[in-house]
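# A closer look at the structure
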Amino acid sequence: MPNIESAIKRVRTSEKSALENNVQKSAMRTAIKKFVQANEAGDESAVALHKQAIRAIDMAASKGLIHKNKANRDKSRLTAKLAK
């Protein structure tokens with residue numbers, strides 16, 4: 001544990017940020033899984049879930065949680081699955 005007050009605060013803020021980042025990434029993964037399951041089952045809600053998954057990926061990329069190239073790759077793969 002750091003002794004300097006600013007370093008102590010930095011530890012607190014970084015833990016809070018890490019927790020929020022994990023929540024955001026988990027929500028992204030969940031949205032992707034929901035879309036994939038609905039798409040494989042031939043569910044009619046797949047289009048709406050696709051839109052939600054794309055939104056979750058874009059939000060994660062804009063916050064720097066995933067690289068923009070990974071975001072584009074994931075979106076491309078999801079769109080290809082939707083087209084089949």
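Above: the structure in question.
Okay, so let's go over this structure.

The rules behind each value
Residues numbered from 1 in each chain as written. Predicted model: local features only at pLDDT ≥ 70, side-chain atom pairs only at ≥ 80, totals over all residues. Heavy atoms only, no water. Helix = DSSP H or I, 4+ residues; strand = E, 2+ residues; numbered from the N terminus. Expected span 1.5 Å × (residues − 1). Buried < 20%, exposed > 50% of the residue type's maximum accessible area, 1.4 Å probe, protein only. Arc of directions from axis to C-beta. Salt bridge = Lys/Arg side-chain N within 4 Å of Asp/Glu carboxyl O. Polar contact = N/O pair within 3.5 Å; in protein donor to acceptor, adjacent residues only side chain to side chain.

## Observations concerning helix α3 (residues 68-83)
Because an α-helix packs 3.6 residues into every turn, residues spaced three or four apart end up facing the same way. Between its first and last C-alpha, α3 extends 22 Å over 16 residues, near the 22 Å set by a 1.5 Å rise per residue. For α3, every residue scored as buried is listed here: A71, D74, K75 and L78. Buried residues of α3, seen end-on, are gathered within an arc of 100 degrees and therefore sit on one face of the element. Opposite the buried face of α3, by more than 90 degrees, sit the exposed residues R77 and A83.

## So, the pattern of salt bridges
Close approach of charged atoms allows side chains with opposite charge to pair. Tallied over the full model, the rule gives two salt bridges. Among the ionic pairs, K75 bridges to D58, the shortest N-O distance being 2.7 Å. With a gap of 17 residues between them, K75 in helix α3 and D58 in helix α2 (residues 46-62) connect regions that are remote in the sequence. Exposure remark for D58: the relative accessible area of 34% places this residue in the partly exposed category. In this structure, D74 and K70 form a salt bridge, with 3.0 Å as the shortest nitrogen-oxygen distance. With D74 and K70 both in helix α3, this residue pair falls four residues apart, about one helical turn. On the basis of relative accessible area, K70 is assigned to the partly exposed category, the value being 31%.

## A closer look at the environment of D43
Within the secondary structure, D43 sits in the loop between α1 (5-41) and α2. Accessibility expressed as a relative area gives 42% for D43, which makes it partly exposed. Among the polar contacts listed, one links the side chain of D43 to the side chain of S45, at a separation of 3.1 Å.

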